[in-house]
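# Observations on chain architecture
If you want the building blocks of each chain, they are given just below.
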Number of protein chains: 2
Amino acid sequence: MRVKKSAQLDAILAASAARAQGKKPTAKNNRPAQSIPTLPPQQRILGLDTALRKTGWGIIDSNGRNFAPVDCGVIISPAQASLSDCLRRLNGSIKGLITRYHPDIAVIEGGFYCKNARTAIVLGTARGAVLGVLAEAELPTYEYAPRKVKQVVCGFGNASKQQVALLVAQFLNIQVANLPDDATDALALALCHAQLSGIAQGLNLGKPI
Amino acid sequence: MRVKKSAQLDAILAASAARAQGKKPTAKNNRPAQSIPTLPPQQRILGLDTALRKTGWGIIDSNGRNFAPVDCGVIISPAQASLSDCLRRLNGSIKGLITRYHPDIAVIEGGFYCKNARTAIVLGTARGAVLGVLAEAELPTYEYAPRKVKQVVCGFGNASKQQVALLVAQFLNIQVANLPDDATDALALALCHAQLSGIAQGLNLGKPI
């Protein structure tokens, strides 16, 4: 259903562009979807599931319809590490990922609900350190709520972790059984953005934060 | 009272050190405080009152008893700036301060109470970005709750903003009337740490975060 909608919209937009250029919409110009280059350019997307001591990361290449895994992992700080040590390790690791893989876009989890203000400050602290690094690297950064990621990747917002992992495995054609949950969640974030970019020429995308 | 306690403690510590070295505590060894170099070395302290769009900063030099102002100001991001822009400006400005003034220690506000989890995440985000920069610069960073700052600087935890400003002005021998509140708060944070360093050879200091 989503692909059908996208194809219709593509045809409308192509006809509209042709009209704007003063061309009469010929049968060729009017032909929907398949023959018109509607896919966004290939992009490398870095997904980050941020937490103070366990930040998952996942990188994929995508043109909005095809998705290829690049690499993934988890940045771990030991329980006895001080806050400053955790943030130093987190920032250094993310800078390392940016230098090594040259992503075009970053995606982080956001809009989560947190009852406890103290927990929220700790979560916010990790998030702030990571966002600071992404901002310095001038990487356009998008934010998606966990529910949105599940809706886009699985089709429904109440999907379980296992269901998300299953869909990530299918889309990227990888085995996720041996991957840590945080890495799978980061790949799901990247996949969510990649899929939204491919729908209606990215018209559904929000603004970078 | 505080000075008296410190002098007593200094005398006890000096006698204890002499005993440890096998020396009999002579009248000279036993002489309290005044003749024993008890002051910590001169340190440059950077106080930071962090917020997303308005971060106050204040730098002082201190040996724990004498306090000299160096500089202060506010890092401001316009209301229409995106989150990434705010963090880029914040991180860049703090890196600039570190490069220009070479502080030995940083002090930030912490342990504040925040009812609203959403506000807590925003506050935590700014705090995380700043802490990330301080951690990367390997600056030992201390954290004090607003109440603690008021207790140390003013003598009581319920002091008003005006009372804090008055004491900051007296200790640093400056006019604070024309200074922004955020800069005064940042100077108060630095002053709080400087004063704690001067009491009982810094035994009251916590660990860096």
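Heads up: the structure comes first, above all this text.
So, here is what we can say about the structure in this document. Note that the structure is predicted; figures quoted are calculated from it, not measured. (Residues numbered from 1 in each chain as written. Chains lettered and ligands numbered in written order. Predicted model: local features only at pLDDT ≥ 70, side-chain atom pairs only at ≥ 80, totals over all residues.)

## Points about the overall build of chain A
- The helix and strand tally for chain A stands at 7 helices and 5 strands.
- Starting at the N terminus and walking to the C terminus, you meet the elements of chain A as α-α-β-β-β-α-β-α-β-α-α-α.
- Considering chain A as a whole, with its 209 residues, one finds that 43% of them fall into the buried category.
- Across chain A, the fraction of contacts at a sequence separation of at least 24, relative to all contacts at a separation of at least 6, is 64%. (Helix = DSSP H or I, 4+ residues; strand = E, 2+ residues; numbered from the N terminus. Buried ≥ 20, exposed ≤ 12 C-beta atoms within 10 Å, placed from the backbone. Contact = placed C-beta atoms within 7 Å.)

## Regarding the sheet that holds strand β5 (residues 141-144) of chain B
All names here are of chain B.
- In spatial order, the strands read β3-β2-β1-β4-β5; together these 5 strands make up an open sheet with mixed pairing. Looking at the sheet topology across the chains shown, the edges are occupied by β3 (67-76) and β5. Ignoring strand direction, the axes of neighbouring strands in this sheet form an average angle of 20°. (Pairing = 2+ DSSP bridges. Axes fitted to C-alpha atoms, helices over the stretch in contact; angles between N-to-C directions.)

## Some words on unusual backbone geometry
Residue and element names in this part refer to chain A.
- Residues other than glycine seldom take positive phi values, yet histidine 102 does so here, at roughly 45°.
- Mapped onto the secondary structure, histidine 102 falls in the loop between α3 (83-101) and β4 (105-109).
- Histidine 102 gets classed as exposed once you count the C-beta atoms within 10 Å, which come to 12.
- Notably, glutamate 138 is not glycine yet its phi reads approximately 55°, a positive angle.
- Tracing the sequence through the fold places glutamate 138 in the loop between α4 (117-136) and β5 (141-144).
- For glutamate 138, a count of 9 C-beta atoms within 10 Å corresponds to the exposed category.

## Quick look at the nonpolar core
- Membership of the largest hydrophobic core comes to 110 residues, with the highest contact counts inside it found for A:Ala190, A:Leu191, B:Ala190 and B:Leu191.
- Sequence-distant contacts of A:Ala190, defined by excluding residues within four places in its chain, comprise A:Ile45, A:Leu46, A:Gly47, A:Gly58, A:Ile59, A:Ile60 and A:Val107. (Core = buried A, V, L, I, M, F, W, Y, C linked by C-beta atoms within 7 Å.)

## Side note on the relation of the copies chain A and chain B
- Mapping chain A onto chain B leaves a residual RMSD of 0.0 Å; the transformation is a rotation of 180° accompanied by 0.0 Å of translation along its axis. The relationship between the two copies is best expressed as a two-fold rotation axis.
- With an isologous cut-off of 70% or more, the 100% of interface residues of chain A that recur at the interface of chain B puts this contact in the isologous class. (Least-squares fit on C-alpha atoms with pLDDT ≥ 70 in both.)

## Quick word on the packing of helix α2 (residues 83-101) of chain B against helix α3 (residues 117-136) of chain B
All names here are of chain B.
- The interhelical angle for the contact between α2 and α3, taken along N-to-C directions, is 35°, at an axis separation of 10 Å. Between α2 and α3 lies a crossing whose hand is right-handed. Residues Leu87, Leu90, Asn91, Ile94 and Lys95 of α2 lie in contact with α3, whose contacting residues are Ala126, Ala129, Val130 and Val133.
- Across the contact of α2 with α3, the residue classes tally to 7 nonpolar, 1 polar and 1 charged. (Left-handed = near helix turned anticlockwise from the far one by under 90°. Nonpolar A, V, L, I, M, F, W, Y, C, P; charged D, E, K, R; others polar.)

## What to know about the environment of A:Lys150
All names here are of chain A.
- Its location among the elements puts lysine 150 in helix α5 (residues 146-154).
- Considering only alpha carbons, one finds lysine 150 and leucine 83, 67 residues apart in sequence, at a separation of 31 Å.
- Not counting residues within four places of it along the chain, the set of residues in contact with lysine 150 comprises Phe156, Gly157, Ala159 and Val164.

## Describing the interface of chain A and chain B
- The interface of chain A with chain B comprises 27 residues on the first partner and 27 residues on the second.
- Those elements giving two or more residues to the side of chain A that touches chain B turn out to be α3 and α4 of chain A.
- Among the elements that line the side of chain A that touches chain B, the one with the most residues is α4(A), at 16 residues.
- Broken down by class, the residue content of the side of chain A that touches chain B amounts to 15 nonpolar, 8 polar and 4 charged.

## With respect to helix α6 (residues 181-198) of chain B
- Over its 18 residues, α6(B) extends 26 Å from the first C-alpha to the last, a length consistent with the 26 Å expected when each residue adds 1.5 Å.
- The element α6(B) is extensively covered by neighbouring structure, given that 16 of its 18 residues are classed as buried. (Expected span 1.5 Å × (residues − 1).)

## Examining the sheet that holds β5(A)
Residue and element names in this part refer to chain A.
- Reading across the sheet, the 5 strands line up as β3-β2-β1-β4-β5 and stay open at both edges, with mixed pairing between neighbours. The outermost strands of the open sheet, each flanked by one partner alone, are β3 (67-76) and β5. Averaged over neighbouring strand pairs, the angle between their axes works out to 20° when direction is ignored.
- For strand β2 (residues 54-62) and β3, the ladder comprises 9 bridges, and the chain directions are antiparallel. Looking at the pairing, threonine 55 lines up with isoleucine 75 of β3.
- Of the strands in this sheet, β1 (43-49), β2 and β3 are in contact with α3, which crosses β3 at around 155°.

## Digging into α2(B)
- For α2(B), built from 19 residues, the straight-helix expectation of 27 Å at 1.5 Å per residue is met to within 8% by its first-to-last C-alpha distance of 27 Å.
- Residues of α2(B) that are buried include every one of B:Leu83, B:Ser84, B:Cys86, B:Leu87, B:Arg88, B:Leu90, B:Asn91, B:Ile94 and B:Leu97, and no others.
- Residues of α2(B) that are buried make contact with α4 and β5 of chain A together with β1 (43-49), β2 (54-62), β3 and α3 of chain B.
- B:His102 sits one or two positions beyond α2(B) and adopts a positive phi of about 50°.

## Some points on the environment of A:Ser82
All names here are of chain A.
- Along the chain, serine 82 turns up in the loop between β3 and α3.
- Taking the number of C-beta atoms within 10 Å as the measure of exposure, serine 82 has 14 and is therefore partly exposed.
- In this structure the C-alpha to C-alpha distance between serine 82 and glycine 198, which are 116 residues apart in sequence, comes to 42 Å.

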